[in-house]
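These are the residues of each chain, in order.
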Amino acid sequence: MAGLQRARVRRQATFRWVVVAVVGTFFALPLLGMLEFTTRAPGGGRTAAVWRTVADLGGLRTTYPELWAGLKASGALVVLTVLIMLVLLVPTMTWVRLRVPGLRRTIEFICLLPLTIPAIVLVVGLAPVYAWVTYLLGGSSAWLCFAYVVLVLPYCYRALDAGLSAIDVRTLGEAARSLGAGWGTVMVRVILPNVRTAVLSASFLAVALVLGEFTIASLLHRDNLQVGINQLGQRDAQVAVAVSFAALALAFVLLLVLSFAGGRRTRTLTPLATPPTQEPA
Amino acid sequence: MPLTSRVRGGALLGVAPFLAFTTIFLAVPTLVVVVGAFVDTGGRPTLANVAGLRQGYILDALLSTLELSLTTAVIGAVVGALLAYAVVTAAPDGMLRRSVSAVCGVLAQFGGVTLAFAFLATVGSQGFVTLYLFDHTGLAVPGDLLYGLRGLGLVYVYFQIPLMVIVFLPALDGVRVQWREATESLGGSTWQYWRHVAGPLLMPASLGSTLLLFANAFAAYATAAALVSQGSPILPLVVRATFTSEVVLGQANLGKAIALAMVVVVAVVMTGYAWLQRRTSRWVG
C-alpha cells in the first residue's frame, strides 16, 4: 500500500509539472508576444520608446485623443458601475433576507439571467432603450454604466451572496433594530462592515469586467478604453498593444489581489458562531 | 389583516428600486428581442423573421458557431481538466494551486481586443512565433490563420481552458482520497479506479462544465469582432452585420430573430448545465 502510494505521488508530481509547463507555455506565449511587439525598434533590435510614450500621460492626451477619451470614459464607467451596483444590490439583498425571504429565488433568477443573454443580444435589445437614455440624459458614454450594471449583475450577486450567507443577517438586523437603529443605520453601520470582503470582491470583479468591455460600447457608438484601443490599433499598433497590455496588467493585479485576499478570508466576523447556511463560493 | 398587508406592501417597496432598474435595463431589452423577432417593421405580427433564419448564410454561420463552440469546449474541457487535476494533486495551500487558480481567474475573463492583439503579436503575419518558426524551421504559419475559424478556435481555447479549471476544481476537490484507497485495498488498478469510481462520479461535473464552456464560446463576440472585420463566419458577427446595417436593409427584425435563436441555444445549454451541477453536488462538491 505505502509503496503504491509513494509511486503514485511520484507519478503525479511528474504529471503535474509536465501539464503545468505545457499549458503554462501556451498561456505565456501571447503575453510574451505583446511585450516583444511593443519593444520592437523600427530598424530591428529593442527599444523602450513605446513604453515611454505610454507612461507619458500628458503626451498621450494630445497625441492620441481617441485613447484619452476612452480612458476618461472608462474611468467614469468604473466608478458609476461599482456605485450603482452596490447601491442596488447590497440593500436589496439584505432587505430580501430580512423582510421578504420569499422573493430570494426571484431576485437570484433575475441576477443570474444575464448569463443566458449574450452581450451581443443584449445590445440589440438595448438599442431602443438607449435611444431614450440619449433623449433624456444626453449621449455621454458614462450612461453605459446602466448596461454595465446588468452585465456584472451575475458575478457581483454571487460574490455578495457568499458574503451575506456567511453572516446571520436576520439576527444582526433584528438586534440593531431592537436597539433603535433605523434601516439606514442597519445597512451602513451593521451589514456593510460585516460583508466588506464580499463588497470588495464584487467591486473588483465589476472593475475588471468594465475595463474589458467592448461589445456594448462599440455597437452603441460610445467611447470606452477598449473601443479607444481598437481605434488606435488601426493607427499605431505598438502603442495600442502597449496600452492594452497595461490595462490587462491592471486587471490582472486587481484580480490577483482579490483571489489572495479571498483565500485569507476568516470566519471571525461570523456573529454568535452560527454556522453559515451556505459555503462562501 | 390590513396591518399585515400594509407591512407586506412596505416590505415589497424595499425591492422596488432593484425591480425598476432590472425592468428597464434587462426585461425591456429582452422583450425587445423576443417581440421584435415576431413582428415586421410596421409592428404587425409575422413569422417571416423566424422563417428568414433558414437562409443559407445564417445556417452556415450557425453550423460554424456550433462547431467552433463544440470544438473549443471539448479541447478546453480536456486540457482544463488535466490542469485542474494536476493542481488538485498538489498541496491544497501551496503556491502552485494558488497561482494557477488566480491566473485562471484572470485569463478566463481575458478576451476581446486585447486577446486579439496578443494573438496577432504571436501568430499573426508579423508575430514572433510566426517569424521564429519561419527563420528556424522554415514552417510557415498561414497568414490568414487568425481571420478564419481555425484561428478563432485557437484564440477561444485560450479563455476556455482557464474557465474549465475554475468550474472543474470544486468537483475534483470533492473526490476523496479514501475512494482511491478503498479501490486499491480491493485490488483495483489505477485504470479500474478511473473507469469505475472516479470517472462515473465526475461525469456529471465534466459534462456540465463542457456545456458551460460551449455556451461561453457560443455567446462570445468581442474577440471575434476584433479579429474578423470582413464577412460574418459566426452567428454573433451575423447579428453585428444586421445591427449595423439595419437602416439600409431593413433587417433589424431578422437580427432580432437571430439574437433570439442565440438566447434559446444558450438557455437550453445553461439549463443542462444547472441540472448537471445539481447531479454533481449529490456526490462531489
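Since the structure is predicted, the reported quantities are computational estimates derived from the model, not experimental observations.

Caption draft 1: Representation of the overall build of chain B. The number of helices and strands found in chain B is 14 helices and zero strands. What you see in chain B, going N to C, is helices and strands ordered as α-α-α-α-α-α-α-α-α-α-α-α-α-α. Overall, the C-alpha framework of chain B stretches about 80 × 70 × 30 Å when taken along its three principal axes. Going through the 285 residues of chain B one by one, you find that 48% of them count as buried. Taking contacts inside chain B between residues at least 6 apart in sequence as the whole, the part at least 24 apart equals 71%. Carbon and sulfur atoms make up 67% of the accessible area of chain B, which totals about 13400 Å². Distance between charge centres in chain B, computed from 15 positive and 10 negative side chains, equals 15 Å.

Caption draft 2: Region of interest: the packing of helix α4 (residues 65-98) of chain A against helix α8 (residues 169-178) of chain A. All names here are of chain A. Running from amino to carboxyl end, α4 crosses α8 at an angle of 90°, the nearest separation of the two axes being 9 Å. When the interaxial angle is binned, α4 and α8 end up roughly perpendicular. Residues Thr94, Arg97 and Leu98 of α4 pack against Val169, Arg170 and Gly173 of α8. Taken together, the residues of the contact of α4 with α8 sort by class into two nonpolar, two polar and two charged.

Caption draft 3: Spatial organisation of the domain arrangement of chain A. Residues and elements named next belong to chain A. Per the domain assignment, the segments making up chain A are domain 1 (2-38) and domain 2 (57-273). Taking only C-alpha atoms, the centre of domain 1 and the centre of domain 2 are 34 Å apart. Counting residues at the interface gives five residues for domain 1 and seven residues for domain 2. Roughly 590 Å² is buried in total at the junction of domain 1 and domain 2, and carbon and sulfur atoms are behind 87% of that figure. Scanning the region where domain 1 abuts domain 2 turns up zero salt bridges. For the pair domain 1 and domain 2, the interface holds one residue pair in polar contact (both at pLDDT 80 or more). The residue makeup of the side of domain 1 that touches domain 2, split by class, is four nonpolar, one polar and no charged.

Caption draft 4: Spotlight on the state of the cysteines. The final tally for this structure, using the stated rule, is zero disulfides over all chains. Looking at Cys111 of chain A, it has no disulfide partner, and the nearest cysteine sulfur is the one in Cys156 of chain A, 9.4 Å off.

Caption draft 5: Focus on the packing of α4 of chain A against helix α10 (residues 196-212) of chain A. Residues and elements named next belong to chain A. Contact geometry for α4 and α10: axes closest at 9 Å, N-to-C directions at 140°. Considered as vectors, α4 and α10 are oriented oblique to each other. Handedness of the crossing formed by α4 with α10: right-handed. Residue-level contacts link Leu77, Val78, Thr81, Val82, Met85, Leu86 and Val90 of α4 to Val199, Ala202, Ser203, Ala206, Val207, Val210 and Leu211 of α10. A breakdown of the residues in the contact of α4 with α10 according to their chemical character gives 12 nonpolar, two polar and no charged.

Reading the values: rules and limits
Residues numbered from 1 in each chain as written. Chains lettered and ligands numbered in written order. Predicted model: local features only at pLDDT ≥ 70, side-chain atom pairs only at ≥ 80, totals over all residues. Heavy atoms only, no water. Helix = DSSP H or I, 4+ residues; strand = E, 2+ residues; numbered from the N terminus. Buried < 20%, exposed > 50% of the residue type's maximum accessible area, 1.4 Å probe, protein only. Contact = heavy atoms within 4.5 Å. Areas by Shrake-Rupley, 256 points an atom, 1.4 Å probe, with all protein chains shown as cover. Lys, Arg positive; Asp, Glu negative; His and termini not counted. Charge placed at Lys NZ, Arg CZ, Asp CG, Glu CD. Axes fitted to C-alpha atoms, helices over the stretch in contact; angles between N-to-C directions. Parallel < 35°, antiparallel > 145°, perpendicular 65-115°, else oblique. Nonpolar A, V, L, I, M, F, W, Y, C, P; charged D, E, K, R; others polar. Domains from an automatic or database assignment. Buried area = accessible area lost by both parts, 1.4 Å probe. Salt bridge = Lys/Arg side-chain N within 4 Å of Asp/Glu carboxyl O. Polar contact = N/O pair within 3.5 Å; in protein donor to acceptor, adjacent residues only side chain to side chain. Disulfide = S-S within 2.5 Å. Left-handed = near helix turned anticlockwise from the far one by under 90°.

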